[in-house]
Amino acid sequence: MKQKISAALIAFCLFALCLFLIGWLSDSPRSIVTPANRASTAAIAIRDNVIPFQKFGTRLFTLPYLEKCYNEVSYFTQSGRLDKKEEFIAALDSLLGKYKSVDIFLLAHANSYHRWLNDLPEAKREHIRLVYNTGCGSSSQCADWLTLGAKAYVGHPGEQSISPVFYFFFLRRWSAGEKLQDVIRESNELMLSKMNRIGNLSFGLLCPETQDIIDSQAICFGDSTLSIDN
């Protein structure tokens, strides 16, 4: 009898500890807004070829936000480096022809997707509003994307980036209707704060190097006053 009670207490304590850690390391609630201009906006996202768990998790997290906020969404998951290239270009070409504003989410490691857009008509590329790129060192592509026509480009300078942590906070705030400059500032701050907590909790064993965390902070190029509503 005592063993059963002890086992139950241990299980309860572990459950309570897990709930505490989730709350401690997670984020405050955010409501997804339905933008007034939803009918004139679309989004396209692509996930690179990673392990199935990451592919599933990225899609599971991303799609509900995009489908709530945009009138039309195209989502692609690659199984190779150039996989889905033609499908992605065709879908983007179609969206740019139908919508006033199209946002692009590049949910991938170091990449060069900007080269895929070179053959799209310049008049259509002018409808690209926001490009967010999780890739390591992706901030170096700022000139490429702005030249292609993007109104704003968000990337990360670090060659060893923990951008997925930033993206978790970023997409929730962007979908809540905050201005891009505020979204980036808050998401950077939260990423730093949460990673420091994980580092302290694990005595530094589960946390990247401090410089890698600092270099993972996103940078906005172009119009930082944009929001999902304008």
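All residue numbers refer to position in the chain's written sequence, counted from 1. For this predicted model, a pLDDT threshold of at least 70 governs which residues receive local features, and a threshold of 80 or more governs which side-chain atom pairs are given and counted, while totals over whole chains, interfaces and linings are taken from all residues. By convention in this description, side-chain values take in all heavy atoms of the structure and omit both hydrogens and water.

Draft legend 1. Structural context of the overall build of the chain. Looking only at helices and strands, the chain features eight helices and six strands. For the chain, the residues scored as buried account for 43% of the 230 residues in total. Only heavy atoms matter for contacts: two residues are in contact if any of them lie within 4.5 Å across the pair. The contacts in the chain between residues at least 6 apart in sequence include a share of 73% that link residues at least 24 apart. Only DSSP runs of H or I with at least four residues qualify as helices, and only runs of E with at least two residues qualify as strands; both kinds are numbered from the N terminus onward. Think of it in three bands: with a 1.4 Å probe and only protein chains considered, a residue is buried below 20% of the maximum accessible area for its type, exposed above 50%, and partly exposed in between.

Draft legend 2. View of the sheet that holds strand E3 (residues 101–107). A pair of strands is labelled paired if DSSP reports no fewer than 2 bridges between them. The strand order across the open sheet formed by six strands is E2-E1-E3-E4-E5-E6, and the pairing between neighbours is mixed. Both outer strands of the open sheet, strand E2 (72–77) and strand E6 (219–222), are each paired with one neighbouring strand and no more. For this sheet, the mean angle separating the axes of adjacent strands, direction not counted, is 10 degrees. Inspection of the sheet shows strand E5 (residues 152–155) paired to E6 by four bridges, in the antiparallel sense. Within E6, the residue paired with Tyr 153 across the bridge is Phe 221. Inter-axis angles, ranging from 0 to 180 degrees, are taken between N-to-C directions of lines fitted to C-alpha atoms, where helices are fitted over the stretch in contact.

Draft legend 3. Representation of the nonpolar core in the model. Throughout, nonpolar core names a set of buried Ala, Val, Leu, Ile, Met, Phe, Trp, Tyr and Cys residues whose side chains join them through atoms within 4.5 Å. With 29 residues, the main nonpolar core has Tyr 70, Phe 105, Phe 170, Trp 174 and Leu 180 as its most contacted residues. Those residues in contact with Trp 174 that sit more than four places away from it in its chain are Tyr 70, Asp 103, Phe 105, Arg 129, Leu 130, Leu 180, Val 183, Leu 226, Ser 227 and Ile 228. Counting 25 residues, the second-largest nonpolar core is a separate cluster that includes Leu 92, Leu 106, Tyr 113 and Ile 128.

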